[in-house]
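Structural overview
Residue strings, one per chain:
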Amino acid sequence: MRIVSVGRALPEHRYEQAEITAQLQSLLDVPDELRRRVDVLHERVRVGHRHLALPLEAYSDLATFGQANNAWIRCAIDLGERAVNDALDRAGLGVKDVDIMFDVTVTGLASPALDARLVNRMGLRTDMKRVPIFGLGCVAGVAGISRAVDYLKGHPNEVAVLLSVELCSLNLQRGDLSTAAMISTGLFGDGAAAVVLVGEERARAMGLEAPAVRTTRSVFYPDTEDIMGWDISENGFRIVLSEGVPRVARENLGPDVTAFLAEHDLTPRDVASWVCHPGGPKVLEAMRDSLELTDDDVALSWKVLAEQGNLSSTSVLMVLREVFDGRRPEPGDVGMLVAMGPGFCSEMILVDW
């Protein structure tokens, strides 16, 4: 199974972190005694700019969960279409070539799902298989590729597209002034990414030399459901973000990845390219330290975090796009894709470039 291309789409509304912070302080009616603390929290997440689904001034008009979710559907369709078209163009394929689409999100709800709306919008085949996935959160970018790989093992002549659209800003909770909420308002951004994968027979027919997925691994950590996710109510999605996330990453990721690689007679030192989800400074540092990596090993993750913030499932795909566009490994190099998310869990993919 080959990863052929990564497309992306970012909203046109791009702001410096300080501008977003100032607007949110007013919109959330943050008391004067908390304003300096919010400033510090937003500075510490190491985000320089973010793209938002709506203009900053439009967020004051979102009074209900229904209004916010309707905005999510509208913006997600536009960004999703752009990301899929970008990925297909880069792969030299058209909309009629897509046999199956997996779409992942944790920031909005739609039924019919986003994939169905894109069939009509883009002219995708009416016999295209559709697999919408909700709830995996930050881990879904890597998990989505893994599930596409599982499918292509049994359909080696087909084309699969993974679409991730996350519009985190549309889940702003005005009544929530908790530390977790204040961190999230400084950390999370909006965007979409799409990945084109093809089965091995299709790759040979196309003469592709794209990176091949050797194998994947899923790991669930028992009794950790309460450290990350959503509390869902009539007000929409309220962030659950425990201080325990970096600890779980630091304690578990290194041993799990090392064991996974050992099954293929590899060690972390044999990996030439690391694509790690930039969940935030503490999480990324925990991943780095647990895997005994350097900041240079995860430089593209730091880059995406600074330029876009954490886009939940989309972020790791943005890092993968950076690898495709810039520091692409040499043929024969080994690469790893790694992400963690609600569950709490991790997903890993071993790639031969």
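The model shown is predicted, which means the values in this text are computed figures rather than measured ones.

Cut-offs and rules
Residues numbered from 1 in each chain as written. Predicted model: local features only at pLDDT ≥ 70, side-chain atom pairs only at ≥ 80, totals over all residues. Heavy atoms only, no water. Salt bridge = Lys/Arg side-chain N within 4 Å of Asp/Glu carboxyl O. Helix = DSSP H or I, 4+ residues; strand = E, 2+ residues; numbered from the N terminus. Buried < 20%, exposed > 50% of the residue type's maximum accessible area, 1.4 Å probe, protein only. Axes fitted to C-alpha atoms, helices over the stretch in contact; angles between N-to-C directions. Parallel < 35°, antiparallel > 145°, perpendicular 65-115°, else oblique. Left-handed = near helix turned anticlockwise from the far one by under 90°. Contact = heavy atoms within 4.5 Å. Nonpolar A, V, L, I, M, F, W, Y, C, P; charged D, E, K, R; others polar. UniProt positions renumbered as here; feature names shortened; annotations may be inferred. Core = buried A, V, L, I, M, F, W, Y, C linked by side-chain atoms within 4.5 Å. Domains from an automatic or database assignment. Buried area = accessible area lost by both parts, 1.4 Å probe. Polar contact = N/O pair within 3.5 Å; in protein donor to acceptor, adjacent residues only side chain to side chain. Phe/Tyr/Trp six-rings, centres within 6.5 Å; stacked < 30°, edge-to-face > 60°. Lys NZ or Arg CZ within 6 Å of the ring centre and 35° of its normal.

Here we look at the pattern of salt bridges
Scanning the entire structure with this criterion turns up 28 salt bridges. Close ionic contact of D99 with R125 constitutes a salt bridge, the shortest N to O distance being 3.0 Å. Placement of the pair is D99 in the loop between α3 (65-91) and β4 (100-105) and R125 in the loop between α4 (114-122) and β5 (129-134), with a sequence separation of 26 residues. Its salt-bridge partner being D289, residue R250 comes within 2.9 Å of it at the nearest N-O pair. Taken together, the residues span a long stretch of sequence, with R250 in helix α8 (residues 244-262) and D289 in helix α9 (residues 281-290) at a distance of 39 residues.

Things to note about the side chain of N69
Among the secondary structure elements, N69 is positioned in helix α3. The class of N69 is buried, set by a relative accessible area of 12%.

A closer look at the packing of α8 against α9
How two helices sit against one another is set out by the angle between their axes and by the gap between those axes. Here α8 crosses α9 at 25°, and the two axes come no closer than 8 Å. Comparing the axis directions of α8 and α9 gives the class roughly parallel. Judged by the twist between their axes, the crossing of α8 over α9 is right-handed. Residues V245, P246, A249, R250, L253, G254 and P255 of α8 form the contact with α9, whose own contacting residues are K282, V283, E285, A286, M287, D289 and S290. When grouped by side-chain class, the residues that make up the contact of α8 with α9 number eight nonpolar, two polar and four charged.

So, the UniProt feature "active site" (unreviewed entry) in the protein chain
Residues annotated by UniProt as "active site" (unreviewed entry) correspond here to C138. What C138 contacts, discounting residues up to four positions off in sequence, is M228, H277, N310, S312, S313, A339, M340, G341 and P342.

Some remarks on the nonpolar core
If you look at the biggest cluster of nonpolar residues, it comprises 54 residues, and the most contacted ones within it are L54, L167, L170 and V196. If you list the elements that add at least two residues to this core, you get β1 (2-9), α1 (17-27), α2 (32-44), α3, α4, β6 (159-167), α6 (179-187) and β7 (190-198). The contact partners of L167, leaving out residues within four places of it in the chain, are A53, W72, C75, A76, L79, T107, D190 and G191. One finds F102, V195, L311 and F324 within the second-largest nonpolar core, a separate group that totals 38 residues.

Thoughts on the domain arrangement of the protein chain
Here the protein chain is partitioned into domain 1 (2-206) and domain 2 (212-352). Each partner contributes to the interface: domain 1 provides 60 residues, whereas domain 2 provides 49 residues. Buried area between domain 1 and domain 2, both sides added, is near 4200 Å², and the carbon and sulfur share of it is 65%. It is R46, C138 and V142 that lose the most area in domain 1 upon contact with domain 2, and together they represent 16% of the buried surface on that side. Counting across the domain 1 and domain 2 interface gives six salt bridges. Of the charged contacts in the structure, one is a salt bridge between R238 and D176, with a shortest N-O distance of 3.1 Å. Counting the contacts that link domain 1 with domain 2 gives 15 residue pairs in polar contact (both at pLDDT 80 or more). Among the elements of the structure, β1, β3 (49-52), α3, α5 (140-154), β6, α6 and β7 are those that each provide at least two residues to the side of domain 1 that touches domain 2. Tallied by class, residues from the side of domain 1 that touches domain 2 come to 31 nonpolar, 18 polar and 11 charged.

With respect to the environment of I20
Relative to the assigned elements, I20 resides in helix α1. Taking relative accessible area as the criterion, I20 reaches 2% and is therefore assigned buried. Counting along the chain gives 291 residues from I20 to L311, while the straight-line C-alpha distance between them is 16 Å. Residues in contact with I20, not counting those within four places in the same chain, are Y15, R50, L52, L56 and T185.

Description of the UniProt feature "domain: FAE" (unreviewed entry) in the protein chain
Following the UniProt record, one finds the feature "domain: FAE" (unreviewed entry) at residues 82-205. Here residues 82-205 runs as 40% helix and 24% strand, with 27 Å between its end C-alpha atoms.

Points about the packing of aromatic side chains
Note on aromatic pairs: each is described by the distance of the centres and the angle between the planes. Within the structure shown, the criterion is met by four aromatic pairs. Seen in terms of ring centroids, F134 and F237 are 6.2 Å apart; in terms of plane orientation they differ by 45°. Their pairing is tilted. On the criterion of sequence distance, the pair formed by F134 in strand β5 and F237 in strand β10 (residues 236-241) is long-range, its members being 103 residues apart. For F134, a relative accessible area of 38% corresponds to the partly exposed category. These aromatic residues form a ring-pair network of at least three members: F65, F134, W230 and F237. A cation over a ring is seen here: R46 above W302, with NZ or CZ 3.9 Å from the ring centre.

Observations concerning α2
The complete set of buried residues in α2 reads V38, V40, L41 and H42. The inward-facing, buried residues of α2 contact α1 and α6.

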